[in-house]
Amino acid sequence: MNKEVVVIPAEQVAKKTESRDKKLRVAAYCRVSTDEERQLGSFENQIEYFTRLISENKKYELVKVYNDEGISGTSTRNRKGFNEMILDCEAGKIDFVITKSISRFARNTQDSLNYTRRLKDMGIGIYFEKEGINTLESSGELLLTLFSCFAQEESRSISENTAWGIRSKFQQGTPHLNVEILLGYDKDNDGNLIINVEQAAAVRRIYTMFLEGYPLNRIAKKLNEEGVAGVHGEAKWCGNTISRMLQNEKYKGAMLMQKTFTVNYLTKQHIRNTGQLAQYYIENDHPAIIPPVEWEAVQEEIIRRKEFREKHGIRGISGCGGSPFYSRLFCRRCGARMQRIFHKGVSHPYWQCLNCSVKVEDEVLRSAFCDAFNRIVINREMYLERWGELLNSGTPLQRVRAKQMTEITNEGTIPFEVPELTQAVLKEAWLEENGVITFMFYCED
């Protein structure tokens, strides 16, 4: 059998592309990695330059100058302009891309090759002006690989030098701090922390409410309801934010440096420093918003609440309808927590054990609390000596509690239960099997 070869002329394939518009639809990509004034000037110049370059070329049709301002080039994850350009390429809106250099396009070798290959597969070339590389040319990928490796190595070197510079400043006691995410402080012209009076009021209130017994979520809820501005000027509080603020040593005038560090210069992944690197702690670094004794009392209270939850098997203390007895009232028969029941069809709210049938009316509970607290007030002289000792030589939390009990009991007996007072003085309560309720107050022992 004789083989017969039929030649298909190349012009038959080429005719498929001849119908396309003669002008290339060209886009440009610009990026600067910091917000410094010098970089921003370069950024504006890049945009102006490529707009003019493409618009003045009769063979080109300008699609758009895509850009990212103040964004690192080691990853494409947060580069909105870059990702928008890739999507437009995939949508068939772009034929060719021009950018200043490989380092402006990406400092990550893998990203450079990945995206240039993706676009090349779609017939879209990229021209890197500084290096003179066109990815559609035969030597393009080889040169791109080499220059991308150089760009990535440059990025690694910059990252290491930056980290070294920051750590050197730490050793000299100079912090690397962004006050835009630190409520309560601003910086003066010399870079020193100064108190922002309006914001500091919110910080003090959070610490006070916590020591008055408020759960984290209820503090956040109250601040949101009252429209108290947070660090970004909006009332968007949550329990985690409150928790971080309560443990931030900066509010007592101290500074712990190098709490976290970057483990990968490409992904910018940060992890908590648990001993991998040296840390630097400075006392009296700047004006305190919270007195050190009060700050230490808060740390003790955080630990106390954690141990209390573990002891009683409580996942969290979020509050129930604002009742201060929530997660503080327990059943003596089985040791379980008691839940407040109040729903449609129930004439009066009551508390019932989560494990057994033991229950008590809410009105009875509140009345019993009044009787117990008033006994403390009536016998106040018996406790004053003990509270005085704690005020002078107790732990920071004991001092705060002793002061609270001294001041609150000095106001006299109460005719009915007040949630704010109960929250501040009650440690826990137990419903005994005989129906009697035992209350335990702070600094009562």
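So, here is what we can say about the structure in this document. For clarity, every value in this text was computed on a predicted model and none was experimentally measured.

### Remarks on the overall build of the chain
A tally of regular secondary structure across the chain gives 14 helices and 17 strands. Expressed as a percentage of the 445 residues in the chain, the buried residues total 40%. For the chain, the accessible area works out to roughly 25,600 Å², and carbon and sulfur atoms hold 49% of it.

### A closer look at the pairing of strand β1 (residues 24-32)
Taken across its nine residues, β1 has seven buried, putting it largely inside the fold. With nine bridges connecting them, β1 and strand β2 (residues 60-69) associate as parallel partners. Within β2, the residue paired with Ala28 across the bridge is Val65. Pairing geometry for β1 and strand β3 (residues 96-99), over four bridges, is parallel. Within β3, the residue paired with Ala28 across the bridge is Ile98.

### With respect to the packing of helix α7 (residues 197-211) against helix α8 (residues 216-225)
One can describe the packing of α7 onto α8 by two numbers: an axis separation of 10 Å at closest approach and a directional angle of 140°. Taken together, the axis directions place α7 and α8 in an arrangement best described as oblique. Of the two elements, α7 crosses α8, and the hand of that crossing is right-handed. The residues of α8 that touch α7, namely those facing Arg205, Ile206, Met209 and Phe210, are Leu216, Ile219, Lys222 and Leu223. Here the contact of α7 with α8 is built from residues that sort into six nonpolar, no polar and two charged.

### Focus: the sheet that holds β1
Taken in spatial order, the five strands make up an open sheet running β2-β1-β3-β4-β5, and their pairing is mixed. With one partner strand each, in any of the chains shown, β2 and β5 (133-134) form the two edges of the open sheet. Of the strands in this sheet, β1, β2 and β3 touch helix α3 (residues 80-90), which is tilted by about 150° from β2.

### Remarks on the pattern of salt bridges
Scanning the model with the defined rule gives 17 salt bridges in all. Lys93 serves as the salt-bridge partner of Asp88, at 3.7 Å between the closest nitrogen and oxygen. For Lys93, a relative accessible area of 46% corresponds to the partly exposed category. In this structure, Glu234 engages Lys236 in a salt bridge whose closest nitrogen and oxygen atoms are separated by 3.6 Å. By sharing partners, the salt bridges in this structure join Glu301, Arg304, Arg305 and Arg401 into a single network.

### Details of the side chain of Arg337
Position of Arg337 among the secondary structure elements: in the loop between β12 (329-331) and β13 (338-341). For the buried Arg337, no salt bridge is present, and the opposite-charge side chain at shortest range is Glu428, 13 Å distant. Within polar-contact distance, the side chain of Arg337 engages the side chain of Gln339 at 3.4 Å.

### Quick look at the packing of aromatic side chains
With the rule as written, the count across this model stands at 14 aromatic pairs. For the ring pair Phe330 and Trp430, a centre distance of 5.3 Å and an interplane angle of 35° mean the geometry is tilted. Of the two residues, Phe330 sits in strand β12 while Trp430 sits in strand β16 (residues 426-431), which places them 100 residues apart along the sequence. Accessibility assignment for this pair places Phe330 and Trp430 in one class, buried.

Reading guide: rules and limits
- Residues numbered from 1 in each chain as written.
- Predicted model: local features only at pLDDT ≥ 70, side-chain atom pairs only at ≥ 80, totals over all residues.
- Heavy atoms only, no water.
- Helix = DSSP H or I, 4+ residues; strand = E, 2+ residues; numbered from the N terminus.
- Buried < 20%, exposed > 50% of the residue type's maximum accessible area, 1.4 Å probe, protein only.
- Areas by Shrake-Rupley, 256 points an atom, 1.4 Å probe, with all protein chains shown as cover.
- Pairing = 2+ DSSP bridges.
- Axes fitted to C-alpha atoms, helices over the stretch in contact; angles between N-to-C directions.
- Parallel < 35°, antiparallel > 145°, perpendicular 65-115°, else oblique.
- Left-handed = near helix turned anticlockwise from the far one by under 90°.
- Contact = heavy atoms within 4.5 Å.
- Nonpolar A, V, L, I, M, F, W, Y, C, P; charged D, E, K, R; others polar.
- Salt bridge = Lys/Arg side-chain N within 4 Å of Asp/Glu carboxyl O.
- Lys, Arg positive; Asp, Glu negative; His and termini not counted.
- Polar contact = N/O pair within 3.5 Å; in protein donor to acceptor, adjacent residues only side chain to side chain.
- Phe/Tyr/Trp six-rings, centres within 6.5 Å; stacked < 30°, edge-to-face > 60°.

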